[in-house]
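# Overview (structure and organization)
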Amino acid sequence: MTEREAVAHLLRRATFGPTADEVDDAERVGVRATLDRLLAPTGPDRTPGLPDLGPDPYAGLTRSSTREQRQQANQRRRAQVRALTWWWLDRMVTSTDQAGEKLLFFWHGHWATSERKVRSATLMLRHLETLRRYGRGPLPPLVDAMVRDPALILWLDGQRNTRKAPNENLARELMELFTLGHGNGYTEDDVREGARALTGWTVDRRTGAVRFEPRRHDAGPKTILGQRADFDAASYAGLLAGRPETARHVAGRLWFRYAGPDVPPPADLAGPDTVTTLRRILTAPAFAQTRDTLVKQPVEWLVGAARQLGVRPSGLPEQERRRLLAGLAALDQVPLRPPSVGGWPAGTAWLTTASLQARLRTADALAGAAARTVLATLTAAPPAGRPDALARLLVVDRWSERTRAALTPLTGEPRKLIAAGLVSPEYAVY
Amino acid sequence: MDTLTRRRFLVASGVVGATALAAGATAHRLDDLFATAGDRDPQARTLVLITLYGGNDGLNTVIPYADPAYHDARPELAYPEDAVRKLDDRVGLNPALAGLHRLHDAGRLAVVRGVGYPQPDRSHFRSMDIWHTAEPERPGTTGWLGRWLDRAGGDPRLAVSFEPALPPLLAGERSAGAAVPVTGRRTVRGLPESTLAGFAATAGEDTPARARAAACFADLRAVDAMVQGVRDDDAAGEEPDGEPEPATATGGAGTPLDAQLDLVARCVEARVATRVFSVSLGGFDTHADEKRLQEVLLGQVDRAVSGFVDRMAGTEAGRQVVVVVYSEFGRRVRANGSDGTDHGTASDVLLLGSGVRGGRYGEPPSLTDLDGGDLRFTTDFRDVYATLLERVLDTDPGAVLGGWRGRLTGPL
């Protein structure tokens, strides 16, 4: 692998998709310095601050609210969720802390929580900001914050979990998906006892605040993972987060997302904090062998293309934005709406005839929105050189003969050429 | 990482399949496949598999209303005798299942009791992997219908799903079924046919994943041509932008079940080559406020499935269709206190169609002799699969199910 290929591989995996200029810069400073820049960005992120969503539309509702009032509140809530989704997509495109934004999207797929049940843009934003705040550091503070995150509690029925009426949903997924991993040493009894530890936390739907109600909490002793104590949410979270299985499980998930399923993760991947783990992943010799094996997730695909084509989502007309969002919906990956608590599928599951159709339509929309400067750069090359200019634009190392042959007849139609590049096998798998 | 979550499975299946798919990409060329389309045996049956994601509460679907243990275990959730749609003097269907009740009385609904597997796993994802792979001890990387597809020649049109992502059950060792979108206009392509054909070619340097990406172009052309003939313009409108159904956290297709089954019906009536259709509905993870939510969901199942079975009865091809409804597990016998139920074990599997001998099959599980609060299964799900493979798909079940010898007696 050349130095340029190495930095391009690193940037493609650690960010949402580098531009050609970013690869040029990275090539100048080298792999090592590029990694340092990615993992410890200097200077403030030049992106807009948090969106002002306004008051929660449900806050004004009472038992006596009319059907019309409820419908209006629902409409406002949907508009807020749309605004938040756009704000986030825009941030993914424009953020100068690309590695941080991509890591946040990883955590979103890991603690997969959906607004479809939470039904509050405010709580989803708070959930994301909590993941952003703790997502780079050690696991215990993250797990501790999440067991008291209102969106996660609502998503997994935590507020229904009381001393008199235990509800296992949150306790089970906490162990199975978020911390230990399936089959890693916990039993059905641990699930039941864990549920008891989590009792008492409720969410005030009017204010969005979480509240601990001692009389709903089961204060008695519980035996979890062989330890007997008066576990509560904090000590239960601490117990889980401190287990070596948890560090290994999360490190494995990170490897799976950044390096892929083809090459097994090296031993001792788990660092004392997530950024260290990420550094170990991105510097592992095995990481270099994973080129061209990962299927882009739809959000990665769309955000990366927008970055490379100079498309800023917030600058698009409403209709164009809707087209892109409809594309993500058809591809089955809308931010804030994971399909299940298990997160999104991965790998060749995205490579179906259905998703190809959606990619074709969305690529058409993206190419249509490409910035004039980008088109000018592409058409500055003579027609015969345009496939190579396109490869540079989309940060594809090289086209196969198959793809070059498919692209060549389109060199006279730059937007079609771009759309074809976006659906090509070399762009779909990186 | 020995955890085999659904996500991981999806990838794993793709990876294993991809080696073969890389070699097999040319086998999916339009011309080759189309030559076989007319070869369908008019007597050949069609399997329509309906997956209910989230763990449907079997005890409130086929309800043991006469059993005092049922009422004791879930006083707030239990249905009284006068609310159920009775099948006999012991069990009845959920009130939302009016259409299925009518089909039962017409002898076209078979209920297989207490279906499950040994050492049940209460994880949605692992349990669904187990149902998809039919390998309870250690779910592998191929689905049971994917392995059938391997043996049936690997044509992706033989096994079709109406979900954007391919369900693991259709992933084989050497081939994979096709995922066909229910909505979406096929006319908006932007790219010429020749470009799409160009991308479908193999390239020597392709990794397995890239070969799969290229194979999609070939699959798309084959599947498109098949579905084009049966899709009305009204089904091909804009992407859905409305409010989805209330969500629970465990997956399922994004499009309504009736829309998926409508497309299945049109395909069957057009006598396409497809032998297996996979459709799904999510939302059954009812940890809280179960009764109303489950009734809404079962109402959707009832309308979609009974409408489909009625429609199928009207044509010769339709009368060869067997519908199967299942979920990854049932719920605990005892309610959890938030008017819901937590993850349980065995549940009933429903078989429907003109060729089905209606009635009840197998032993109803005891509500008092429990395993840690959960039902003990009485029918191994591989008996159901083996029967479907043998009677519907005309395949030796042993080859697909690792030598499994059990069968159901009677319903097919």
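Counting restarts for each chain: residues are numbered from 1 in the order of the written sequence. All chains are assigned letters beginning with A, and all ligands numbers beginning with 1, in the order in which they are written. A pLDDT threshold of at least 70 governs which residues receive local features in this predicted model, and a stricter bar of 80 or more applies before side-chain atom pairs are shown or counted, although totals over entire chains, interfaces and linings include all residues. Remark: hydrogens and water are excluded; side-chain values derive from all non-hydrogen atoms of the structure.

Per an unreviewed UniProt entry, chain B goes by DUF1501 domain-containing protein and derives from Micromonospora cathayae.

The name given to chain A in an unreviewed UniProt entry is DUF1800 domain-containing protein, with the source organism recorded as Micromonospora cathayae.

### Some details on the overall build of chain A
Short version of the rule: Counting from the N terminus, the helices are the DSSP runs of H or I reaching at least four residues and the strands are the DSSP runs of E reaching at least two. In this treatment the radius of gyration is a C-alpha quantity, and the globule benchmark scales as 2.2 Å times the residue count to the 0.38 power. When a residue's accessible area, from a 1.4 Å probe over protein chains only, is under 20% of the maximum for its type it is buried; when over 50% it is exposed; and in between it is partly exposed. Contact between two residues is taken to exist if any of their heavy atoms lie within 4.5 Å; hydrogens are not considered. Here the accessible surface of atoms and residues is derived via Shrake-Rupley with a 1.4 Å probe, and residues count as covered only by protein chains that are part of the display. His is not counted, nor are the chain ends, whereas Lys and Arg count as positive and Asp and Glu as negative. A single reference atom marks each charge: NZ on Lys, CZ on Arg, CG on Asp, CD on Glu.
In terms of helices and strands, chain A carries 22 helices and 4 strands. Radius of gyration (C-alpha) of chain A: 23 Å, near the 22 Å computed for a compact globule of 430 residues. If you line up chain A on its principal axes, its C-alpha atoms span 75 × 55 × 40 Å. Taking all 430 residues of chain A together, the buried fraction comes to 63%. Taking all contacts inside chain A whose residues are at least 6 apart in sequence as the whole, residues at least 24 apart take part in 72%. If you sum the accessible surface of chain A, you get close to 15,900 Å²; carbon and sulfur atoms cover 51% of it. Here chain A contributes 61 positively and 47 negatively charged side chains, and the mean placements of these two sets differ by 5 Å.

### Some points on the overall build of chain B
Scanning chain B for helices and strands turns up 12 helices and 12 strands. The buried share of chain B, reckoned over its 412 residues, is 64%. Long-range contacts, defined as pairs at least 24 residues apart, comprise 75% of the intrachain contacts of chain B with a sequence gap of at least 6. In the form shown here, chain B has an accessible surface area of approximately 14,000 Å², with 48% of it arising from carbon and sulfur atoms.

### Focus on the pattern of salt bridges
Just so we agree on the cut-off: Note on definitions: salt bridges are taken to be side-chain nitrogens of Lys or Arg within 4 Å of carboxyl oxygens of Asp or Glu.
As enumerated under the stated definition, the model contains 61 salt bridges over all chains in all. Across the pair Glu213 of chain A and Arg216 of chain A runs a salt bridge, and its minimum N-O distance is 4.0 Å. The residue Lys416 of chain A makes a salt bridge to Glu413 of chain A at a minimum N-O spacing of 3.5 Å. Through salt bridges with shared partners, a single ionic network connects Glu168, Arg172 and Glu188 of chain A together with Arg122, Arg332 and Asp374 of chain B.

### Considerations on the sheet that holds strand 4 (residues 92-93) of chain B
Residue and element names in this part refer to chain B. Condition: If DSSP finds at least two bridges between two strands, the strands pair.
Strand order in this open sheet of 3 strands is 2-4-3, and the pairing throughout is antiparallel. Here the strands that pair on one side only, and so sit at the sheet edges, are strand 2 (62-63) and strand 3 (85-86). Direction of pairing for strand 3 relative to strand 4: antiparallel, over a ladder of 2 bridges. Counted as the bridge partner of Arg85 is Leu93 from strand 4.

### Some words on the interface of chain B and chain A
In plain terms, the rule: For any pair of parts, buried area is found by adding up, for both, the accessible area (1.4 Å probe) each one loses once the two are put together. N or O atoms within 3.5 Å of each other form a polar contact, as long as, within protein, one can give a hydrogen and the other can take it, and as long as residues adjacent in sequence are counted only when both atoms are side-chain atoms.
Tallying the contact residues gives 73 residues for chain B and 79 residues for chain A. Surface buried jointly by chain B and chain A totals about 6,500 Å² across both partners, of which 58% is contributed by carbon and sulfur atoms. The tally of links from chain B across to chain A stands at 6 salt bridges. Here Arg332 of chain B ties to Glu168 of chain A by a salt bridge, and the two come within 2.6 Å at their closest N and O atoms. Linking chain B with chain A are 18 residue pairs in polar contact (both at pLDDT 80 or more), by the criterion used here. Elements that contribute at least two residues to the side of chain B that touches chain A include exactly helix 1 (6-24), helix 5 (124-133), strand 7 (178-179), helix 7 (193-199) and helix 8 (208-228) of chain B. No other element matches the 10 residues that helix 8 of chain B contributes to the side of chain B that touches chain A.

### Focus: the side chain of Arg74 of chain B
Residue and element names in this part refer to chain B. Position of Arg74 among the secondary structure elements: in the loop between helix 3 (68-73) and strand 3. Of the polar contacts made by the side chain of Arg74, one reaches the side chain of Asn60; its length is 3.1 Å. Polar contacts involving the side chain of Arg74 include one to the main-chain carbonyl oxygen of Val333, which spans 2.9 Å. Setting aside its immediate chain neighbours within four residues, Arg74 contacts Asp57, Leu59, Asn60, Glu290, Arg332, Val333, Ala335 and Thr341.

### A few points about unusual backbone geometry
All names here are of chain A. For Asp268, which is not glycine, the phi dihedral falls at a positive 55°. With respect to the helices and strands, the residue Asp268 is situated in the loop between helix 12 (244-258) and helix 13 (274-283). In this structure, Asp332 takes a positive phi of about 75° despite not being glycine. Following the sequence through the fold, Asp332 ends up in the loop between helix 16 (318-331) and helix 17 (353-369).

### Observations regarding the packing of aromatic side chains
Here is the rule we go by: In this scheme Phe, Tyr and Trp rings, the latter by its six-membered ring, pair at centre separations within 6.5 Å, and the angle between planes marks the pair as stacked below 30 degrees, edge-to-face above 60, and tilted otherwise. Counted as over-ring charges are cases with an Arg CZ or a Lys NZ within 6 Å of the ring centre that also lie within 35 degrees of the ring normal.
Inspection of the entire model under this criterion finds 13 aromatic pairs over all chains. A centroid spacing of 3.8 Å and a plane angle of 10° characterise the contact between Trp144 of chain B and Tyr385 of chain B, whose relative ring orientation is stacked. Remark: Tyr385 of chain B occurs in helix 11 (residues 381-391) and Trp144 of chain B occurs in helix 6 (residues 144-151); sequence separation between them is 241 residues. Looking at Trp144 of chain B, the relative accessible area reads 0%, which means it is buried. Tyr385 of chain B sits in the buried class, given a relative accessible area of 3%. Their ring planes at 90° and their centres at 5.1 Å tell us that Phe381 of chain B and Tyr385 of chain B sit as a pair that is edge-to-face. Of this pair, Phe381 of chain B and Tyr385 of chain B both sit in helix 11, 4 residues apart, which is roughly one turn of the helix. In this structure, Phe381 of chain B and Tyr385 of chain B share a single accessibility class: buried. One aromatic cluster is present, formed by Tyr117, Trp131, Trp144, Tyr326, Phe381 and Tyr385 of chain B through successive ring pairs. Against the face of Phe16 of chain A rests Lys102 of chain A, its NZ or CZ located 6.0 Å from the ring centre.

### Describing the pairing of strand 5 (residues 109-116) of chain B
Residue and element names in this part refer to chain B. When you tally the buried positions in strand 5, you get 8 out of 8 residues, the bulk of the element. For strand 5 and strand 10 (residues 347-352), the ladder comprises 5 bridges, and the chain directions are antiparallel. Residue Leu109 lies in a different strand from strand 10, and its bridge partner there is Leu352. Both strand 5 and strand 11 (residues 359-361) contribute to a ladder of 3 bridges, which runs parallel. From the neighbouring strand, Val111 faces strand 11, where its bridge partner is Arg360. Relative to strand 12 (residues 379-380), strand 5 is paired through 2 bridges, and the arrangement is parallel. When the sheet's bridge partners are listed, Gly116 is paired in strand 12 with Asp380.

### Some thoughts on the nonpolar core
Filter applied, for reference: Put simply, buried Ala, Val, Leu, Ile, Met, Phe, Trp, Tyr and Cys residues joined by side-chain atoms within 4.5 Å make one nonpolar core.
Counting residues in hydrophobic clusters, the biggest one holds 147 residues, and the most contacted among them are Trp111, Leu309 and Leu422 of chain A. Formed by 45 residues, the second largest nonpolar core is a distinct cluster that contains Val223, Ala265, Cys267 and Phe284 of chain B.

### Quick notes on the domain arrangement of chain A
Residue and element names in this part refer to chain A. What counts, and what does not: Annotation comment: domain bounds sourced from an automatic or database domain assignment.
For chain A, the assigned domains are domain 1 (1-40), domain 2 (67-241) and domain 3 (294-428). Between domain 1 and domain 3, the C-alpha centre-to-centre distance is 20 Å. In this assembly, domain 1 packs against domain 3 so that about 1,100 Å² is buried in total across both faces, 46% of it on carbon and sulfur atoms. The largest share of the area that domain 1 buries against domain 3 comes from Glu5, Arg12 and Phe16, three residues that together contribute 44% of it. Where domain 1 packs against domain 3, one counts 5 salt bridges. For Glu22, the salt bridge is made with Arg307, and the minimal N-O distance between the two is 2.9 Å.

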